[in-house]
Amino acid sequence: MFSGNEIGIDLGTANVLVYSKKEGVILDEPSVVAIDNQTKQVLAFGHEAKAMIGKTPEKITVVRPLKGGVIADFDMTTEMLKQIMKKINKQSGISIRKPNVIVCAPSGATSVERRAIEDVVKNSGAKAVHLIEEPVAAAIGADLPVDEPIANVVVDIGGGTTEVAIISFGGVVTYNTIRIGGDKMDDDIMQHVRKTYNLLIGERTAEQIKMEIGHALVDHPEQTIEVRGRDLVTGLPKTVILSSYEIQESLRDSLLQILETIRATLEDCPAELSGDIVDRGIVLTGGGALLQGMQEWLSNEIFVPVHLAPNPLQSVVVGAGRSLQFINKMTADAAK
Ligand code: ADP
Ligand code: MG
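Because the structure is predicted, anything quoted here is derived from the model rather than measured.

(A) Seen up close, the environment of Glu226. Structurally, the position occupied by Glu226 is in strand E15 (residues 224-231). Taking the C-alpha atoms as reference points, Glu226 and Gly68, separated by 158 residues in sequence, lie 31 Å from one another. Among residues more than four places away in sequence, those in contact with Glu226 are Thr239, Val240 and Ile241. Side-chain polar atoms of Glu226 contact the side chain of Arg228, separated by 3.2 Å.

Pasting the structure below:
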């Protein structure tokens, strides 16, 4: 019954990834769709749609249908997933028609939000859908021994949220989330450039600035970047040179809120597990973990070892994919 027709999906706010047991990560695209406003037809998704952000004529809308880790626009998420299924069927040798899917749900998701995630995957053509707690998937993908009775701390800094979870014995013991992640950092940069230089820049430019010269540490070797935007006074195009120092300062508030969430979660940790954290530390995943200096800054602030997951952007989908084997086992056991 289970014939390689199984995939894991990470339906993230910023990126959607698909993992097949045989082939590993088979799809990695931004969670973006472009639609024709009149016909409501999907014109593009993923990288192609993301490249259109801020550049489209009025008759095209570019949407990110997930917000804060959950589905904000059900129909658009369904459309996006249908496109994804089409694409992976085209590219992969094995046909994955009517797949069994394991998909992640943020631990903070309500039952209605979980149901929406299940439904959206079913509507895109899946035969069966299983949900997995996202931090558990992230921990599995980061090679942590989640099944053991020890504290595994995962900090997942994604696009819309940062989620901090303590996992032991395969389940989430303590959990906190804030709606601050990479998107908020992009916004911080846009606001800073607007206030300081009267310059309007797009979110894609802001993201590029963050990735190229953003830094979590106040003390770091200075980097600069040339950016173009629209002068708010003259209305004309203008170029400015930005320093990593001012970008660091603009990110400071958001970084501190992430830090506070990590601290609060560690303080909530049951005493028996606290000792593990002192030795084993915490693991950073999600694209935000790739901000320069993030690992060093956090370890300075929280006095426990801070590790970076092997591939922060893929931890969740790899973990979901790996957990497929457990689901098969459970299903097989149940059938006995
Ligand atoms: P989600 O799970 O919400 O889809 P991801 O884990 O895919 O999010 O992370 C996406 C976020 O990570 C985006 O905000 C992106 O800008 C950010 N990001 C990716 N690479 C880097 C980098 N090198 N430096 C800083 N931020 C990064
Ligand atoms: Mg994620």
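(B) Structural view of the pattern of salt bridges. Under the counting rule described, the total for this entry stands at 14 salt bridges. Asp183 serves as the salt-bridge partner of Arg64, at 3.1 Å between the closest nitrogen and oxygen. Here the residue Arg64 occupies a position in the loop between strand E6 (60-63) and strand E7 (66-67), and Asp183 occupies one in helix H5 (residues 182-197), the gap between them amounting to 119 residues. Residue classification places Arg64 among the partly exposed residues on the basis of a relative accessible area of 23%. For Asp231, the salt bridge goes to Lys238, with nearest N and O atoms at 3.1 Å.

(C) The nonpolar core, seen in detail. Core analysis: the largest hydrophobic core is formed by 42 residues, its most contacted members being Ile209, Ile262, Ile277, Ile282 and Met294. The dominant element in this core, judged by the number of residues it contributes, is helix H7 (residues 244-267), at seven residues. Ignoring any residue separated from it by four or fewer positions in sequence, one finds Ile209 in contact with Ile189, Ile201, Gly214, Ile225, Val227, Leu242 and Ile247.

(D) Representation of the pairing of strand E10 (residues 128-133). Looking at chain direction, strand E9 (residues 100-105) and E10 are connected through six bridges and run parallel. Note that in E10 the partner of Cys104 across the bridge is Ile132. Regarding the hand of the β-α-β motif, the stretch spanning E9, helix H3 (residues 111-123) and E10 is right-handed.

(E) Local environment of the sheet that holds E9. The strand order E3-E2-E1-E9-E10 describes an open sheet built from five strands, whose pairing is mixed. Of all the strands in the sheet, the pair left with one neighbour each is strand E3 (24-30) and E10. Strand-to-strand twist of the sheet, defined as the mean angle between neighbouring strand axes without regard to direction, takes the value 20 degrees. Contacts between H3 and the sheet are confined to strand E1 (6-11), E9 and E10, with E10 contributing the most and set at about 140 degrees to the helix. Across the sheet, helix H4 (residues 134-141) lies against E1, E9 and E10, angled at about 80 degrees from E10, the strand it touches most.

(F) Spatial organisation of the site of ligand 1. Contacts to ligand 1 come from 17 residues, most closely from Ala14, Asn15, Gly159, Glu207 and Lys210. Interatomic distance of 2.6 Å between a side-chain N/O atom of Lys210 and an oxygen atom of ligand 1. Within the backbone of Gly287, a nitrogen or oxygen atom sits 2.9 Å from an oxygen atom of ligand 1. When ligand 1 sits alone it has 580 Å² of accessible area, and the protein chains cover 89% of it. Looking at the shell around ligand 1, the elements that each hand over two or more residues are H5 and helix H6 (203-213). For the shell around ligand 1, the residue count by class is five nonpolar, nine polar and three charged.

About the cut-offs
- Residues numbered from 1 in each chain as written.
- Chains lettered and ligands numbered in written order.
- Predicted model: local features only at pLDDT ≥ 70, side-chain atom pairs only at ≥ 80, totals over all residues.
- Heavy atoms only, no water.
- Helix = DSSP H or I, 4+ residues; strand = E, 2+ residues; numbered from the N terminus.
- Contact = heavy atoms within 4.5 Å.
- Polar contact = N/O pair within 3.5 Å; in protein donor to acceptor, adjacent residues only side chain to side chain.
- Salt bridge = Lys/Arg side-chain N within 4 Å of Asp/Glu carboxyl O.
- Buried < 20%, exposed > 50% of the residue type's maximum accessible area, 1.4 Å probe, protein only.
- Core = buried A, V, L, I, M, F, W, Y, C linked by side-chain atoms within 4.5 Å.
- Pairing = 2+ DSSP bridges.
- Right-handed = clockwise from strand over helix to strand, strands pointing away.
- Axes fitted to C-alpha atoms, helices over the stretch in contact; angles between N-to-C directions.
- Near = heavy atom within 4 Å.
- Areas by Shrake-Rupley, 256 points an atom, 1.4 Å probe, with all protein chains shown as cover.
- Nonpolar A, V, L, I, M, F, W, Y, C, P; charged D, E, K, R; others polar.

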